[in-house]
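Structural description and commentary
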Amino acid sequence: QLTMSLNSSTLLNEENSQGPKRNTECLESLKLQAPSSFQDNPLQQLQLASQEVLEKAKKSGRSKCPRCSSSRMFYCYTCFVLVETVPTKEIPTVKLPLKIDIIKHPNETDGKSTAVHAKLLAPDDVTIYKYPCIPEYKEKRHEIALIFPGPNSVSVKDIAFHLQKFPKKSVCDNDDGCSREPFLKKAKTEPEEEKNLSQSISSNRSESTRLKKIIFIDSTWNQTNKIITDERLQGLLQIELKTRKTCFWRHQKGKPDTYLSTIEAIYYFLVDYHQEILKENYKGQYDNLLFFFSFMYTLIKNAKGCAGKE
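This one's a predicted model, so the numbers in the text were calculated from it and none came from an experiment. Along each chain, numbering runs from 1 in the same order as the chain's sequence is written. The model is predicted, so local features are restricted to residues of pLDDT at least 70 and side-chain atom pairs to those at 80 or more, both for listing and for counting; the totals for chains, interfaces and linings are taken over all residues. Excluded from the side-chain calculations are hydrogens and water; all other atoms, namely the structure's heavy atoms, are used.

Brief notes about the sheet that holds strand E6 (residues 126–130)
Backbone hydrogen bonds are what pair the strands of a sheet, in a parallel or an antiparallel way. For clarity, the cut-off: Strands pair, by our definition, only if DSSP identifies at least two bridges between them. Numbering goes from the N terminus for both helices and strands, where a helix is a DSSP run of H or I of at least four residues and a strand is a run of E of at least two. Structural elements are reduced to axes, namely lines fitted to C-alpha atoms, with helices fitted over the stretch in contact, and the angle between N-to-C directions of any two is expressed from 0 to 180 degrees. The contact criterion used is simple: two residues touch if any of their non-hydrogen atoms lie within 4.5 Å.
The parallel open sheet is built from 5 strands, whose spatial order is E6-E5-E8-E7-E9. The sheet terminates laterally at E6 and strand E9 (237–239), the two strands that pair on one side only. Across the sheet, the mean angle from the axis of one strand to that of its neighbour is 25°, orientation sign disregarded. In terms of strand pairing, strand E7 (residues 144–147) meets strand E8 (residues 213–218) through 3 bridges, oriented parallel. Across the sheet, residue Ala 145 finds its bridge partner in E8, namely Ile 214. Its contacts with the sheet place helix H7 (residues 262–276) against strand E5 (99–104), E7, E8 and E9, and it is angled at close to 155° to E8.

Description of the pairing of E6
Cut-off, in case you're wondering: Whether a crossover is right-handed depends on one test, that the path from the first strand over the helix to the second runs clockwise when the strands point away from the viewer.
Direction of pairing for E5 relative to E6: parallel, over a ladder of 5 bridges. Counted as the bridge partner of Lys 104 is Lys 130 from E6. With helix H3 (residues 115–121) bridging E5 and the parallel E6, this β-α-β connection has right-handed handedness.

A closer look at H7
Helical geometry note: an α-helix holds 3.6 residues per turn, so side chains three or four residues apart project in the same direction. Here is the rule: Helices are assigned an expected span. That span is 1.5 Å times one less than the residue count. Remark: exposure states derive from per-residue accessible area (1.4 Å probe, protein chains only) relative to the maximum for the residue type, with buried under 20%, exposed over 50%, and partly exposed in between.
With 15 residues, H7 should reach 21 Å at 1.5 Å per residue; the first-to-last C-alpha distance of 21 Å fits that figure. With respect to burial, H7 is a largely interior element, 13 of its 15 residues being buried.

Here's the deal with helix H2 (residues 52–60)
In plain terms, the rule: An arc is given here, and it is the one of the directions from the helix axis to the C-beta atoms.
Residues Val 53, Leu 54 and Ala 57 constitute the buried set of H2. What you see down the axis of H2 is that its buried residues fit within an arc of 95°, all on one side. Facing away from the buried side of H2, by more than 90 degrees, are the exposed residues Lys 56 and Lys 59. Of the residues trailing H2, Gly 61 is marked for its positive phi of about 85°.

Some points on the confidence of the model for the protein
How we decide: The score called pLDDT rates the predictor's confidence residue by residue, from a low of 0 to a high of 100.
Looking at the protein as a whole, its pLDDT mean stands at 77, while 66% of the residues score no less than 70. In the model, residues 1–39 has pLDDT below 50 throughout and makes 110 contacts with residues more than four positions away in sequence or in other chains. Across residues 170–189, confidence stays below pLDDT 50; counting only partners more than four residues off in sequence or on other chains, it has 8 contacts.

Description of the packing of aromatic side chains
Rules: Between rings of Phe, Tyr and Trp, where Trp is taken as its six-membered ring, a pair exists when centres lie within 6.5 Å; planes separated by under 30 degrees are stacked, by over 60 edge-to-face, and by other angles tilted. Look at NZ for Lys and CZ for Arg. If either is within 6 Å of the ring centre and within 35 degrees of the ring normal, a charge sits over the ring.
One pass over the full model with this rule turns up 7 aromatic pairs. On the numbers, 5.4 Å between centres and 80° between planes, the contact of Phe 291 with Phe 292 is edge-to-face. Of the residues examined, Phe 291 reaches a relative accessible area of 0% and is grouped as buried. Cluster of aromatic residues (ring-pair linked, three or more members): Tyr 75, Phe 291 and Phe 292. Here Arg 72 stacks its cationic end above the ring of Tyr 77, 4.1 Å away from the centre of that ring.

Have a look at this one:
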């Protein structure tokens with residue numbers, strides 16, 4: 001579940017040291033996740049917007065970033081904007097059910113990160129911070145969680161249960177104006193009033209334990225310790241995604257295949273959240289988060305095939 005990274009600028013020149021083995025494992029994993037049979041691209045079951053715009057941009061070659069004028073392919077990974085050959089109106093946007101903060105390690109090469117995918121495709125709901133410049137989360141611990149594998153990590157379905165353990169800060173600005181009387185000492189109410197009050201309390205409790213923001217760390221495994229031990233992240237509920245396997249072509253050697261790239265972790269978390277917490281059928285609402293990822297996966301797979309390395 002630890003997020004990895006992606007080098008889009010050199011994706012056709014990079015080779016996964018585990019190559020065919022990794023692709024085979026990924027294919028088998030996704031076959032289990034989706035009942036449909038598919039051989040060439042394990043991501044082809046995604047409900048994606050047309051990628052014709054990316055095909056055209058690929059044929060045109062690298063283009064200028066409209067902000068920094070750097071030469072890029074598809075998008076600028078430092079300015080988080082599309083290049084001149086990729087019209088904004090032809091790129092899908094995804095509305096997320098909660099806000100996402102991505103904390104990027106300062107030594108992580110910008111061009112290797114899939115975090116930019118999330119920012120480009122869900123610009124209203126995603127914020128990227130470069131460590132150590134991150135927000136203070138302490139006062140919002142009852143509505144924030146961190147994706148990170150660890151001994152105290154919980155599954156997505158248990159989020160609400162564990163968030164309710166975090167005390168919510170009083171909304172009263174003036175303590176003298178807050179009633180400190182126990183509930184049983186309140187004036188006697190009629191049965192209907194008690195019912196309404198009980199429903200209100202239940203509703204407020206549900207609202208107070210609702211997840212509103214999720215944090216992802218964007219770095220290699222060896223770089224995470226500095227971030228995860230930061231005092232500003234201490235005490236946050238940690239969530240682990242245990243059932244997904246990465247399709248990332250630059251997976252770090254020696255690490256479990258359940259350690260996902262940043263954009264994969266975001267996508268799979270949202271799918272699980274939609275089903276486990278929102279209790280709604282998933283119909284591809286977040287599939288376009290993998291719009292760039294799936295296109296690059298196909299490019300690399302085809303390049304390896306042409307080189308006789310498949």
